[in-house]
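# Secondary and tertiary structure notes
This is what each chain is made of:
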Amino acid sequence: MFDGYDSCSEESTSSSSSEDSEDEVPSIPASLPIIKNNGQVYTYPDGKAGMATCEMCGMVGVRDAFYSKTKRFCSVSCSRSYSSNSKKASIMARLQGKPPTKKAKVLQKQPLMAKLAAYAQYQASQQQQNLAKSKAGESPIPVECFDWGRYICSNNLVGAPVSCFKHVPMGTCWGDLAEGVRVEVLNSDTNLSTKVYWIAGIVKLAGFKALLRYEGFDNDTIRDFWCNLCVPEIHPVGWCASSGKPLVPPKSIQNKYSNWKAFLVKRLTGAKTLPPDFAAKVHENMQFPFKKLMRVEVVDKTHLCRTRVALVEQVIGGRLRLVYEESSDDFWCHMYSPLIHAIGWSRSIGHRFKRSDVSKKIDGQMDAPAPLFAKVKDVDQSGEWFKDGMKLEAIDPLNLSAICVATVRKVLADGYLMIAIDGSEAADGSDWFCYHSTSPSIFPAGFCGINNIELTPPRGYTKLPFKWFDYLRETSSIAAPVKLFNKDVPNHGFRQGMKLEAVDLMDPRLVCVATVTRIVHRLLRIHFDGWEDEYDQWVDCQSPDLYPVGWCQLTGYQLQPPAAQSEIKYKPTSTLRFSLMDWIRFQRYGISDQESNGSGSYYIKQEP
C-alpha cells in the first residue's frame with residue numbers, strides 16, 4: 001500500500017514521468033473569463049465579445065450567438081414568448097377592471113426570473129472585475145459558482161447524506177462513507193512542477209462534498225479544503241502505490257516527522273478508505289438510459305388535464321429537457337418523475353391526450369421503452385374505491401406551498417385519479433391534474449387539522465375557520481375513506497435543517513440551494529434559501545426533484561445560489577410557464593403575494 005511513497009521531501013522528487021504527463025488535464029487559460037450554464041462552458045477569446053442574458057429564459061451565453069441585432073434573446077421562441085407575456089399581463093389587469101399591478105408591471109418590464117437576473121448580474125460584475133484586473137496587469141479572478149463549502153462552514157450547516165436520495169448517482173451504493181475515511185488526493189501544498197499526492201481524511205460530509213484535511217496537520221485547519229468525492233481526482237488509499245504515483249507530504253509540515261512512511265503506517269492501520277471500485281461505480285451510475293430524440297408522454301404545461309408527446313432534447317444527471325412536438329416549448333423533469341410516461345399510457349388509463357399532427361418522424365427518433373419509467377404500486381380497484389365527487393386534501397400543483405380542499409373528478413384505470421381544487425377549478429376541467437391513488441401528495445379529509453397544517457379552503461368560502469363536517473354537509477358530499485390513502489413512511493433519513501439542492505417546481509429548469517424546514521413523516525417542507533417562506537414547497541421524501549449537496553457540480557447542472565434579500569424583493573411567476581397555468585394561478589390567488597401556508601404532520605399527531 002505504501003510502495004508509492006518514494007520520498008518525504010520535495011527536493012528528492014524528480015520531474016514528471018511520461019505517464020504522469022499524460023495524466024495532466026488541459027486547463028482553460030486563466031486569462032479567459034468563463035461562464036458556466038447548464039453544463040455548457042462559454043469562453044470569450046478576445047475579451048470583447050462579452051456575455052448576454054436572454055430576457056426571457058435566463059440563458060447566459062456569448063453575445064454574438066444571440067438572436068437579432070438587439071441580442072436580447074437567445075432564440076426566436078424566447079423573443080415571441082416575451083412579446084406574448086407582455087400582452088397577457090396587460091389583459092389580466094384589464095379583466096380585473098384596474099390598471100396593471102406592481103407585479104403585472106414587473107412581468108411586462110422584467111420577465112427574466114429574479115434568481116437568474118441576480119446571478120447573471122453577479123457574473124457580469126465578476127467579468128468586469130476580471131477585465132479591469134487584466135488591464136492592470138493583475139491575474140483575473142475566475143467567475144465562480146456558488147461555494148457550498150464556504151456556505152456550510154460559515155453557517156455550521158449540515159448537508160443531507162447521499163443515502164437519502166436513492167434516485168441520484170451512488171444513491172444506493174454510497175456505503176458507509178463517513179468522517180474519518182481516508183483518501184489519496186493531489187497535494188496542492190507543494191512547489192513541485194509535477195503532480196504529487198498525499199493522504200487526506202474526511203473531516204465533514206455534506207452530500208457528495210467532503211471537507212478534507214491532509215494527514216499530519218492534526219487539528220490545524222489551515223489547509224482544509226472541500227472536494228466532491230465523486231470526481232476523478234479522489235482515490236482510495238493504495239492507488240498511488242498501484243499506479244506508480246509519488247506520495248509527498250505537504251511542504252508546510254515537511255519537517256514535522258523524520259520518517260513519514262512509519263507515520264503513515266501507524267496512522268492508517270485500521271482506517272477505512274474508499275472501495276477499490278468506487279470510481280468504476282461512479283462512472284456506471286453516471287450513465288442514464290434516456291437518450292436524445294426518445295419520445296415520451298408528458299403533462300401539457302399549458303393544460304394540466306392532458307398529456308402530449310415530447311422529445312428528449314437533453315439529459316443532465318438524469319434530468320430531462322423535453323421539447324413538445326409541434327412546439328418549441330420545453331419542460332424539465334427527472335426521468336423518474338410521475339409526470340412522464342411511455343407512449344400509449346394516456347390511452348391505456350383513459351387520460352386526456354393532445355394528438356400530434358406531426359406525420360414525419362425525425363431520423364433517430366424512437367419511443368422510449370416502457371421499462372425506463374418509474375413504476376407505481378399496483379392497487380385493487382374491485383372493492384371499496386375512490387368515486388367521482390369524493391372530497392380529500394391535496395397539494396396544489398400550481399401552488400406547492402398549499403394543501404387545499406379538493407375533489408375527485410374522474411377515476412381512471414390503474415389507480416389514477418383526476419383531482420380538482422375546490423372553488424377555483426375551470427369550467428372545462430382544464431386545470432384538473434392527475435395523481436395516482438398512492439401519491440404522497442393527496443390526503444384524507446382532516447389530515448391538515450390533525451397534524452396542525454393550515455388547510456387552504458375553497459376560494460370564496462366564508463365560513464371560517466374551515467370545518468370539514470360542515471363543508472361535507474353543505475356540499476352534500478362524502479370524504480374519501482382514509483384506508484384508501486398511502487400511509488407508508490420510509491426511513492428516509494432527512495432531518496430538519498439539512499441542506500440540499502432542490503428543483504423549483506414552479507420553474508422546473510431551476511435547481512436551487514434549499515433547506516428542509518419541516519418533516520411530516522414522509523412529507524418535507526422545502527425552503528429556498530434567501531426567499532420568503534411563501535415560496536416553500538411540499539415535496540415527498542422520495543421525490544426525484546431533490547438532490548444532495550454537490551449534485552449540480554457532479555453532473556454539470558447550473559445551481560442557483562441563495563437570493564440576497566436586500567437585492568431581490570419579488571419572485572415573479574415563471575416566464576416559461578406563463579400561459580394557462582399562470583392564468584389559473586392568477587384566478588385562484590390573484591396577482592398580489594399569496595399568504596404563507598403552515599406545515600405539519602401525517603395521520604397521527606407528530607411534534608414539529
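Numbering of residues starts from 1 in every chain and runs along the sequence as written. With the structure being a predicted model, the display of local features is reserved for residues of pLDDT at least 70 and the display and counting of side-chain atom pairs for 80 or more, all residues being used for whole-chain, interface and lining totals. The side-chain numbers reported here are obtained from all heavy atoms of the structure, hydrogens and water having been left aside.

Counting secondary structure elements, the protein chain contains 13 helices and 29 strands. With a 1.4 Å probe rolled over the protein chains alone, any residue whose accessible area is under 20% of its type maximum counts as buried; one over 50% counts as exposed, and the rest are partly exposed. Put simply, the protein chain has 608 residues, and 53% of those count as buried. Pairs at least 24 apart in sequence give 65% of the contacts found in the protein chain among residues at least 6 apart. Computed with a 1.4 Å probe, the accessible areas rest on the Shrake-Rupley method; for each residue, only the protein chains presented here act as cover. In the form shown here, the protein chain has an accessible surface area of approximately 28100 Å², with 52% of it arising from carbon and sulfur atoms. The numbering of helices and of strands both runs from the N terminus, where a helix is a DSSP run of H or I of at least 4 residues and a strand a run of E of at least 2. Pairs of residues are marked as contacts when any of their non-hydrogen atoms sit within 4.5 Å.

In this section: the packing of aromatic side chains. Only Phe, Tyr and Trp rings are paired, with Trp represented by its six-membered ring, and only when their centres lie within 6.5 Å; those with planes under 30 degrees apart are stacked, over 60 edge-to-face, the remainder tilted. Taken as a whole, this structure holds 28 aromatic pairs when the rule is applied. A ring pair is formed by F146 and W148, whose centres lie 5.2 Å apart and whose planes are at 75°; its orientation type is edge-to-face. Here the two residues F146 and W148 agree in accessibility, since each one is buried. Ring centres of F466 and Y471 lie 5.1 Å apart, and the angle between their planes is 55°; on these two criteria the pair is classed as tilted. Just as F466 is buried, Y471 falls in that class too. The ring of W432 has R352 lying over it, and the distance from NZ or CZ to the ring centre is 5.6 Å. Lysine NZ or arginine CZ positioned within 6 Å of the ring centre and within 35 degrees of the ring normal marks a charge as sitting over the ring.

Before going further, it helps to spend a moment on the pairing of strand β27 (residues 537–540). Working note: regular strand, side chains alternate between the two faces of the sheet. Neither face of β27 is exposed, since Q537 and V539 on one face and W538 and D540 on the opposite face are all buried. By definition, two strands form a pair when at least two bridges between them are found by DSSP. Bridging between strand β26 (residues 523–528) and β27 involves four bridges; their strand directions are antiparallel. If you follow I526 over to β27, its bridge partner there is Q537.

A few words now on the nonpolar core. In these notes, a set of buried Ala, Val, Leu, Ile, Met, Phe, Trp, Tyr and Cys residues joined through side-chain atoms within 4.5 Å is what counts as a nonpolar core. Residues W174, F208, L212, F494 and I526 are the most contacted members of the largest nonpolar core, which totals 74 residues. Residue ranges assigned to the domains are those given by an automatic or database domain assignment. A domain-level breakdown of this core finds at least three residues from each of domain 1 (178–273) and domain 4 (498–560). For I526, the residues in contact, after removing those within four places along its chain, are L500, A502, A514, T515, V516, D536, Q537, V539 and L546. Grouped together as the second largest cluster of nonpolar side chains are 36 residues, L400, F443, L455 and F466 included.

Turning to the sheet that holds strand β7 (residues 197–206), a few remarks are in order. Read from one edge to the other, the open sheet built from five strands follows the order β9-β8-β7-β6-β10, with strand pairing classed as antiparallel. Whereas interior strands pair on both sides, the edge strands pair on one side only; in this sheet they are β9 (225–228) and β10 (235–236). Of the strand pairs in this sheet, strand β6 (residues 182–186) and β7 are connected by five bridges, and their pairing is antiparallel. Bridge pairing in β7 links V183 to A200. Against the sheet, helix α7 (residues 260–268) touches β6 and β7, its axis set at about 30° to β7. For helices, the fitted axis covers only the stretch in contact; all axes are lines through C-alpha atoms, and the angles between them, taken along N-to-C directions, range from 0 to 180 degrees.

Among the secondary structure elements, F165 is positioned in the loop between β5 (158–159) and β6. We classify F165 as buried; its relative accessible area is 1%. As for F165 and Q542, which are separated by 377 residues in sequence, their C-alpha atoms are 7.0 Å apart. The contact partners of F165, leaving out residues within four places of it in the chain, are A160, G171, F494, L500, L546, Y547 and P548.

What counts as a salt bridge is simple: a side-chain nitrogen of Lys or Arg found within 4 Å of a carboxyl oxygen of Asp or Glu. Applying the stated criterion across every chain yields a total of 26 salt bridges. Ionic contacts of the salt-bridge type, sharing partners, join the residues R182, E215, D218, K256 and R267 into one network.

W148, G149, Y151 and I152 are the residues of helix α5 (residues 148–155) that are buried. Projected down its long axis, α5 carries its buried residues within an arc of 165°, all on one side. In α5, those exposed residues whose orientation departs by more than 90 degrees from the buried face are R150 and S154. Check the buried side of α5 and you find it contacts β7, β8 (209–214), β9, β24 (498–503), β25 (511–520) and β29 (559–560). Here a polar contact is taken to be a pair of N or O atoms separated by no more than 3.5 Å, where protein atoms must pair a possible hydrogen donor with a possible acceptor and residues adjacent in sequence count only if both atoms sit in side chains. Sitting at the amino-terminal end of α5 is D147, which places a side-chain oxygen 3.1 Å from the backbone nitrogen of G149. As used here, the arc is the angular range of directions from the helix axis to the C-beta atoms.

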